[in-house]
Amino acid sequence: MNPGASARFVLTVEPDFNRIRWAPGVTMFGRDVRATIGAVDSVSAAGKRPLLVHIGSVQRITSDARGLLIEDTCSTRTAVLGADPVSMVITAFAYTSATPTQFFTDENDAAAWLLEQSP
């Protein structure tokens, strides 16, 4: 969450959800996922919130990172926003995560899904 040109991701707190934007070309490692979980936890002291994740042009997600993402429960639900089918393939594992997770290519659809009431 370090601001600046070398930031691997940026976390912002929106009125209704948290947002993570990954830097272009990043390979996500386990340490990156642990950093995002810690950052989300630190801004969510009042309780878990929905999370919108912009994966953009993430290069790769390592198996260690995948395992952590699947087990992660730092949000109530997660919308993964990608630009194309390649993004969907990169994040296909997320459908088995511990919290409800969906992939979107439209930000408005992703935000609407995040704000739906869980059954």
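Now for a description of the structure that goes with this document.

### Brief notes about the packing of aromatic side chains
Tallied over the full model, the rule gives two aromatic pairs. Measuring from centroid to centroid gives 5.4 Å for F9 and W22, while their planes differ by 50°, and the two rings are tilted. Taken together, the residues F9 in strand β1 (residues 9-13) and W22 in strand β2 (residues 18-22) connect sequence positions 13 residues apart. By relative accessible area, W22 is classed as buried at 8%. Look at F104 and W113: their rings are 5.8 Å apart centre to centre, the planes differ by 45°, and that puts the pair in the tilted class.

### Section: helix α1 (residues 30-43)
Counted at 1.5 Å a residue, the expected span for α1 with its 14 residues is 20 Å, and the 20 Å between its end C-alpha atoms agrees. Looking at α1, one finds that the buried residues are G30, D32, V33, T36, I37, A39 and V40.

### Description of the nonpolar core
I20, W22 and M28 are the most contacted members of the largest nonpolar core, which totals 21 residues. Taken together, the elements giving at least two residues each to this core come down to β1, β2, α1, β4 (49-54) and α2 (63-71). With four residues, α1 is the largest single contributor of residues to this core. Here M28 is in contact with R8, W22, V33, V58, R60, I61, T62, A65 and L69, once residues within four sequence places are set aside.

About the thresholds
- Starting from 1, residues in each chain are numbered consecutively following that chain's sequence as written.
- Residues qualify for local features only when their pLDDT is at least 70, as the model is predicted, and side-chain atom pairs are given and counted only at 80 or more; totals for whole chains, interfaces and linings, by contrast, use all residues.
- The basis for the side-chain values is all heavy atoms of the structure; hydrogens and waters are excluded.
- Two aromatic rings, drawn from Phe, Tyr or Trp (for Trp, its six-membered ring), form a pair once their centres lie within 6.5 Å of each other, and the interplanar angle then sorts them: stacked below 30 degrees, edge-to-face above 60, tilted otherwise.
- In this text, helices come from DSSP runs of H or I with a minimum length of four residues, and strands from runs of E with a minimum of two, each type numbered from the N-terminal end.
- Categorising residues by exposure relies on relative accessible area from a 1.4 Å probe, with only protein chains included: less than 20% of the type maximum marks a residue as buried, more than 50% marks it as exposed, and the intermediate range marks it as partly exposed.
- One less than the residue count of a helix, multiplied by 1.5 Å, gives the span that helix is expected to have.
- By convention a nonpolar core is built from buried Ala, Val, Leu, Ile, Met, Phe, Trp, Tyr and Cys residues, the set being connected through side-chain atoms within 4.5 Å.
- Contacts are assigned to residue pairs with any non-hydrogen atoms lying within 4.5 Å of each other.

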